[in-house]
Amino acid sequence: MDVDPQTTTKGKEEQAEEKKGIMVILVGAPGSGKSTFCQDVMKISSRPWVRVCQDTIGNGKAGTKVQCLANAATALKEGKDVFIDRCNLEREQRADFLKLGCSLGNVHAVVLDLPAKLCISRCAKRTGHEGNLQGGKAAMVVNRMLQKKELPKLTEGFSRITYCQNENEVQAAVNTYGSLSLLDSLPSGVFGQKNSESKVQLGIMKFLKKVDGPCSAANISQVSVGNKLHNENNIALHGPESGVASSGNAGAEVKDFEHAPSGNVVNEVTDCEHTLSGNSGNEVKDCDNVGEKVKDSEDIVMVPREDTCFSDDVPTLAFPSISTADFKFSIEKASDIIVDQVQLFLQKYHNVRLVLVDLSHSSKILSLVSSKASQKKIDTSKFFTFVGDITRLYSQGGLHCNVIANAANWRLKPGGGGVNAAIYSAAGEALETATKVRAGSLMPGKALVVPLPKTSPLFSTEGITHVIHVLGPNMNPMRPNCLGNDYTKGCRVLREAYSSLFEGFGSILADQNKLIHESNQEQVLETKDQSELNLMKQFSLTDQKGKRECVNEIEMSKKCKGPRKESESDNTELLNRDDDRSTKKRDESMSKAWGAWAQALYNIAMHPDKHKNDVIEILDDVVVLHDLYPKAEKHLLVVARAAGLDQLADVRPEHLHLLRSMHNVGLKWAEKFLTENESLVFRLGYHSAPSMRQLHLHVISQDFDSKHLKNKKHWHSFTSPFFLDSVDVMEELSKQGKVTLNNDERYLTKELRCHKCRSAHPNIPRLKTHISNCQSPFPAALLQNGRLVLPPNKLSASKSS
């Protein structure tokens, strides 16, 4: 077998990665066989496994989740592998173990998704159970727990998920884990899920080379299925799912591949001890001599490389094959054009990803394109094929695509079947409306870029920001504008269509890069402005001190000329006068330090009648206005009208009544906005060190959907401890008589993280894209003490949770 040198000459870091411990989180109802699974694996495995069971964690008695976490952490640190033997049927139950496992090793899930009837029967028959769940009460408990079942997903943090839905599959999984040696590792992804609508998810973590599953990976290799397979390097293969694959590109050794579900696997395999998958429905039988009875051996297997990961940070265009379905364009000629145009595009752009998508595992266009791309040595991290629904690549396959292409009709209308109908249906009316704004028709060979409105389901659920309509040539005589058999013109038009499609994607990338550049430039300018402001403050204070000393020297020389009593009297008077003068100078100095631009709120608060066009409410103690540069969809300022309150640092106990009034006004406006849009969530608070003079309360929605939110400083000033919640400020002032400020500038320079799930992102545009799709709940701390203003339906849900 030919061996890929990159596979055999791994660095120390990769070897260390392979030796990481494994945490296997078992997921299943009582009676599904979790404890038996652990025991069976530990009997035959050469690896040091530790079973963590909450039913016995307390010296043989039931314990707590905290004890389980502590024991699991100890075992992983000692280099052992861990089974988490709990039901783990809900995502929340798994979260803490995932967090621990990801920090210390690799986390797998084994889902024992056996029929409820079987689980109940087992529970009813057993005696002496560790958790005392046995007898007649089993049915009620099992049914209640299964009602709350949430199947695990790769997006939770798992690198591998194995589904077992009958006893044979459970035994196969036992063999898989029991056969692992100390240096072995398993391929990442989702295996064995039988739901025909659920695509096999190839992992978003690290991949080993494998051949079972759809062609859906970020980095892939093309492997001829005609190669003969055999054992090498004394690797023992165990169980019906084990196998070693060899290819013309890289002879990687692969162990323990699980059977993918019907409808998701590429090939049908029968009686195989060593299995092989292809792209075109190949059938392999009697696999004692694997590779000798493979049909259509020129077909291509798309195999993920070992270092594969689905990164959301790479701009990605997913596109169908244009004109080869309804328009009957030659697949052979179309595959040549696709590969040529992809190669040209990738020569211009580097940090991008192109994905050719088709619904069918037996798609001939995918096989041809894969083969020709391999021959041209196109980087498989930048171009690969994917089997799946182009409108559900992220939710079903874990592949995030910013942009998708639509094989449109010339009228740019929904309907007609195929990809066009599917995309219009999934995107909703928002896409049709946005398309009409830009064009009413499309010529063959042309493409039209349409930004997808945020109201579209494709935007909110799949993270798709743009749809590019593209129209290719028609070679079908049953459809309008048929070119007959004129492939000279047809090839030219199809080449123009793909060129226009990729140019449209390039224009989107250019706009994003421009936005990032502007964001960085603004951050540099703001840093410069802040430095100049600090310098101005320094000079102002120094100048103030020098003038005060000069005045004092002159006055003291005058006082020494008269009688002592008069001098003392004059001294008192002069000191009082000097205090008044100093106060006046301090006010003048402060005015200069804040700068003219920073005085705007002060001027509005002191003279609201002169700014009626700016304010939306005027009260005796506050004024309310929209932030001139809002950082979210809804962003108001409630500004105090009291003189001398420049910022939160000036607040004293006697101002508590004013703070409560400001909070109540802000709360009123937040609740008003919630009646108009129940999807919003609000937070009320103050900046520890504001950039504008005059105490003001921010009332800001937590979507942060605004073109004015451009840099780290903007983001962190509303999501870090720099932002003080109004309820906490009032409580601290009431109890302590003062407010503790978190005005350390380091809060404003930390890495960008989502304010809900805490995932890290490289820049503001990527962060905004993530936020618009993030379904994670708010942190528990924010949901307490009224820090968030929620609509009634979300408020009741948060309380119940």
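Report follows, based on the coordinates. (Residues numbered from 1 in each chain as written. Predicted model: local features only at pLDDT ≥ 70, side-chain atom pairs only at ≥ 80, totals over all residues. Heavy atoms only, no water.)

**Describing helix H4 (residues 65-77)**
Argument step 1. Between its first and last C-alpha atoms H4 spans 18 Å; for 13 residues at 1.5 Å apiece the expected length is 18 Å, and the two agree.
Argument step 2. Residues Cys 68, Leu 69, Ala 72, Ala 73, Ala 75 and Leu 76 constitute the buried set of H4. Seen end-on, H4 carries its buried residues on one side only, within an arc spanning 165 degrees. Summarising the geometry of H4, the exposed residues directed more than 90 degrees from the buried face are Val 66 and Lys 77.
Argument step 3. The inward-facing, buried residues of H4 contact strand E1 (21-27), strand E2 (49-53), strand E3 (81-85) and helix H5 (91-104).
Argument step 4. Looking one or two residues past H4, Gly 79 carries a phi angle of roughly 85 degrees, positive in sign. (Helix = DSSP H or I, 4+ residues; strand = E, 2+ residues; numbered from the N terminus. Expected span 1.5 Å × (residues − 1). Buried < 20%, exposed > 50% of the residue type's maximum accessible area, 1.4 Å probe, protein only. Arc of directions from axis to C-beta. Contact = heavy atoms within 4.5 Å.)

**Some thoughts on the nonpolar core**
Argument step 1. Ranked by internal contacts, the top residues of the largest apolar core, which has 36 residues, are Phe 319, Leu 354 and Phe 383.
Argument step 2. Of all elements in the fold, only strand E11 (316-320), helix H9 (331-348), strand E12 (353-358), helix H10 (364-375), strand E13 (383-387), strand E14 (403-407), strand E16 (466-470) and helix H15 (487-559) reach the threshold of two or more residues within this core.
Argument step 3. Per element, the largest residue contribution to this core is 10 residues, and it comes from H15. (Core = buried A, V, L, I, M, F, W, Y, C linked by side-chain atoms within 4.5 Å.)

**Some words on the pairing of E13**
Argument step 1. Of all five residues in E13, five are buried; the element is thus mostly enclosed.
Argument step 2. Alternating residues of E13 divide into Phe 383, Thr 385 and Val 387 and Phe 384 and Phe 386, and every residue in both groups is buried.
Argument step 3. Direction of pairing for E12 relative to E13: parallel, over a ladder of five bridges. Bridge pairing in E13 places Val 355 opposite Phe 384.
Argument step 4. Taking the sense of rotation as the criterion, the β-α-β connection linking E12, H10 and E13 turns out right-handed. (Pairing = 2+ DSSP bridges. Right-handed = clockwise from strand over helix to strand, strands pointing away.)

**What about the sheet that holds strand E5 (residues 160-164)?**
Argument step 1. If you walk across this open sheet you meet the six strands as E2-E3-E1-E4-E5-E6, and the pairing is parallel. The open sheet is flanked by E2 and strand E6 (189-191), the only strands paired with a single partner. This sheet shows a mean twist of 15 degrees between the axes of neighbouring strands, independent of strand direction.
Argument step 2. In this fold helix H8 (residues 167-178) packs onto E1, E2, strand E4 (105-112) and E5, with an angle of close to 145 degrees to the strand it touches most, E5. (Axes fitted to C-alpha atoms, helices over the stretch in contact; angles between N-to-C directions.)

**Let's talk about the state of the cysteines**
In protein chemistry, a disulfide is the covalent bond that joins the sulfur atoms of two cysteines.
Argument step 1. Throughout the structure, instances matching the rule amount to zero disulfides.
Argument step 2. Cys 68 supplies the cysteine sulfur nearest to Cys 53, a cysteine that is in no disulfide, at a spacing of 7.3 Å.
Argument step 3. Free cysteine: Cys 757, not disulfide-bonded; nearest cysteine sulfur from Cys 754 at 3.8 Å.
Argument step 4. Classification of Cys 757 by relative accessible area gives partly exposed; the value is 30%. (Disulfide = S-S within 2.5 Å.)

**Structural notes on the packing of aromatic side chains**
Argument step 1. In total, this model carries 14 aromatic pairs according to the counting rule given.
Argument step 2. An angle of 80 degrees between the planes, with centres 5.6 Å apart, marks the rings of Phe 319 and Phe 502 as edge-to-face. Within this pair, whereas Phe 319 is found in strand E11, its partner Phe 502 is found in helix H15, the two being separated by 183 residues in sequence. Like Phe 319, the residue Phe 502 is buried in the burial classification.
Argument step 3. A centroid spacing of 5.8 Å and a plane angle of 20 degrees characterise the contact between Phe 673 and Phe 682, whose relative ring orientation is stacked. For the pair formed by Phe 673 and Phe 682, the shared burial category is buried.
Argument step 4. These aromatic residues form a ring-pair network of at least three members: Phe 319, Phe 345, Tyr 349, Tyr 498, Phe 502 and Phe 505.
Argument step 5. Over the aromatic face of Tyr 487 sits the side chain of Lys 333, whose NZ or CZ is 5.1 Å from the ring centroid.
Argument step 6. The ring of Tyr 602 has Arg 693 lying over it, and the distance from NZ or CZ to the ring centre is 3.9 Å. (Phe/Tyr/Trp six-rings, centres within 6.5 Å; stacked < 30°, edge-to-face > 60°. Lys NZ or Arg CZ within 6 Å of the ring centre and 35° of its normal.)

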